[in-house]
Amino acid sequence: MLRPIMLLTVLHIAVSFGISAQTLNLEITKGTDLSFTFNTIRQYTSGVVLGNATEFTIDTTVDWDLYVGTETFTVGQWDLIETYSSAGTNAIPVSILEIRADSPGRTSQQSAFFPLQDIATPTYLIGSNANDISIGTGVGTNDPGDPIADPFTHKFRVSYKLTPGINYAPGIYSLTVVFTVAEDL
């Protein structure tokens, strides 16, 4: 018997702002509430991909970092909204959700799908938790700019791949994916 499971992804955009005339702005332009529904065994085991489901732009007057992680009530686990059965576990790790976020200029430091983890240990798409050198072109580009003048480095598309397997309790689960742009300090 096939047990339906629905996993919801809610995106939350966190933006860190600079001081004075400095600006850091991350604007989501597409795809804030995403829904995955699994109806076949193949979908459970091979995963479902939502290609280019989210798009956002970055407008900044300073060097910047971009990172991503999840936010849930229990660190590292999807939030349970409603369960349909007691069969299986409802402790679902956030790592079953993978993303690929890239700009048209292929500047992301993560070029393939990677599993998400809690925002306390984020994955950097641009920069690092250290003071990075200014990179004007290529992978890791973090120069000031805007999506109109710099569309190859300041626009991002995000694809999602969710592979739950068959060991989890059927129900509705959610998590928040947090993208953060911050001044490179």
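For clarity, every value in this text was computed on a predicted model and none was experimentally measured.

Parameters at a glance
- Residues numbered from 1 in each chain as written.
- Predicted model: local features only at pLDDT ≥ 70, side-chain atom pairs only at ≥ 80, totals over all residues.
- Heavy atoms only, no water.
- Core = buried A, V, L, I, M, F, W, Y, C linked by side-chain atoms within 4.5 Å.
- Buried < 20%, exposed > 50% of the residue type's maximum accessible area, 1.4 Å probe, protein only.
- Helix = DSSP H or I, 4+ residues; strand = E, 2+ residues; numbered from the N terminus.
- Polar contact = N/O pair within 3.5 Å; in protein donor to acceptor, adjacent residues only side chain to side chain.
- Contact = heavy atoms within 4.5 Å.
- Pairing = 2+ DSSP bridges.

Caption draft 1: Quick peek at the nonpolar core. One finds Leu66, Trp78, Leu97, Tyr160 and Phe179 to be the most contacted residues of the largest nonpolar core, which totals 36 residues. Those elements giving two or more residues to this core turn out to be strand 2 (24–30), strand 3 (33–38), strand 4 (48–60), strand 5 (64–71), strand 7 (97–102), strand 9 (123–126), strand 10 (155–162) and strand 11 (171–183). With five residues, the top contributor of residues to this core is strand 11.

Caption draft 2: Here's a closer look at the side chain of Asp79. Turning to its location among the elements, Asp79 is positioned in strand 6 (residues 79–83). With relative accessibility at 11%, the residue Asp79 sits in the buried group. Side-chain polar atoms of Asp79 contact the backbone nitrogen of Phe73, separated by 2.8 Å. Dropping the residues within four chain positions of it, Asp79 is found in contact with Thr72, Phe73, Thr74, Ile172, Tyr173 and Ser174.

Caption draft 3: Looking closely at the sheet that holds strand 7. The five strands are arranged 2-4-10-7-8 in an open sheet whose pairing can be described as antiparallel. The sheet is open, and its two borders are formed by strand 2 and strand 8 (114–115), each paired with just one other strand. Looking at chain direction, strand 7 and strand 8 are connected through two bridges and run antiparallel. Bridge pairing in strand 8 places Glu98 opposite Pro115.

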